[in-house]
Amino acid sequence: MNINSARLRRLSVAGSLAVGATLLLAGPASAHVSIPGTAEKGGYGTIALKVPNEKDDASTVKLEVTLDPKHPLSSVMPQPVPGWDVKVEKSKLDKPLQTHGKTITEAVTKITWSGGKIEPGQFQQFPLSVGQLPTDADELVFKALQTYSDDEVVRWIDPSKPGGHEAEHPAPTLKLVEKTSPDHHDKSAKSDKNSDAADDKGEATASDSGDKDASDTTARVLGIVGIVVGVAGAAFGIVAGRRRNA
């Protein structure tokens, strides 16, 4: 009995340690600074940096984001976040950008949010309007520094590892996808046009049929009236003839 109890205790302790280790490993992985979703290559879009607070005894008080220097963007605009101040820094480009007939000689390279707080157990999103996104890349890297109220700085700057293995502090990454083809819109438009034409034809046929039915009904009524009038006339003629003879 004592041996079985000892075995059960050992199994229980081992199970608790395994669960605890799993939670410790899963906790940080689900609390990275990240950019959810995707964006189309060559287009414009709104993205949001999702910043969770990983600590139980301190608040996040600053976020610094550095844009990918290999793929400068002609337009980067932060959306105001209540309680936070934002600072946008630009730098001269080694190679000017050509977009919409304009030459861009400088681009946003760093954005800093400060003055607010992300309390323990909470997260905050920091939206950005960005474009024109590159067509020759599958992702954009936004390196981030997260500063806590106890002066600790977590550097989310590690590149992704080959083989799909996650780095300890991966840099937030925006996945870029190919543009959707507009062909299906054209097909839908053509289909709608054909449908409209068929509806018009159907309405015209129904209208013509209705007119024809109305004409047939009128002809029948007139024919019956004519017969009635003819019979009445004949009867009147017979009666009048008898009166004359009398």
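Residues numbered from 1 in each chain as written. Predicted model: local features only at pLDDT ≥ 70, side-chain atom pairs only at ≥ 80, totals over all residues. Heavy atoms only, no water.

A.B. asks: What should I look at first to understand the overall build of the protein chain in this one?
C.D. replies: In terms of regular secondary structure, the protein chain is built from two helices and 11 strands. When the helices and strands of the protein chain are read in sequence order from the N terminus, they spell out α-β-β-β-β-β-β-β-β-β-β-β-α. Looking at the protein chain residue by residue over its 246 residues, the buried ones come to 25%. In the protein chain, the proportion of contacts linking residues at least 24 apart, taken out of those at least 6 apart, comes to 73%. For the protein chain, the accessible area works out to roughly 16900 Å², and carbon and sulfur atoms hold 55% of it. (Helix = DSSP H or I, 4+ residues; strand = E, 2+ residues; numbered from the N terminus. Buried < 20%, exposed > 50% of the residue type's maximum accessible area, 1.4 Å probe, protein only. Contact = heavy atoms within 4.5 Å. Areas by Shrake-Rupley, 256 points an atom, 1.4 Å probe, with all protein chains shown as cover.)

A.B. asks: Quick question: what am I supposed to make of the nonpolar core here?
C.D. replies: Across soluble globular proteins, nonpolar side chains have a tendency to be buried as a group. Counting 31 residues, the largest nonpolar core has W113, F126 and L174 as its most contacted members. Secondary structure elements with two or more residues in this core: β2 (45-52), β3 (60-66), β6 (102-118), β7 (123-131), β9 (143-148), β10 (153-156) and β11 (173-177). The greatest single-element share of this core, amounting to four residues, is contributed by β6. Those residues in contact with W113, other than ones at most four positions away along the chain, are L49, V61, K62, L63, V65, P78, V81, W84, D85, V86, F126 and L128. (Core = buried A, V, L, I, M, F, W, Y, C linked by side-chain atoms within 4.5 Å.)

A.B. asks: What's the story with the sheet that holds strand β8 (residues 139-141) in this structure? I'm lost.
C.D. replies: The pairing of strands in a sheet happens through backbone hydrogen bonds and is either parallel or antiparallel. Spatial ordering of the open sheet is given by β1-β11-β8, a layout of three strands whose pairing is mixed. Of all strands in the sheet, those with a lone pairing partner are β1 (38-40) and β8, marking the two edges. Going across the sheet, the axis of each strand differs from the next one's by a mean of 30 degrees, ignoring polarity. Summarising the sheet, β1 and β11 pair through three bridges and their orientation is parallel. (Pairing = 2+ DSSP bridges. Axes fitted to C-alpha atoms, helices over the stretch in contact; angles between N-to-C directions.)

A.B. asks: Which parts of the structure should I look at to understand the pairing of β10?
C.D. replies: Sheet faces and side chains relate simply in a regular strand, where the side chains alternate between the two faces. Burial along β10 is one-sided: the residues V154 and W156 are buried and none of V153 and R155 is. Taken together, the four bridges between β9 and β10 define a ladder with antiparallel strand orientation. Along β10, the bridge assignment pairs T147 with V153. Between the antiparallel neighbours β9 and β10 lie four residues, among them D151 with a positive phi of about 75 degrees.

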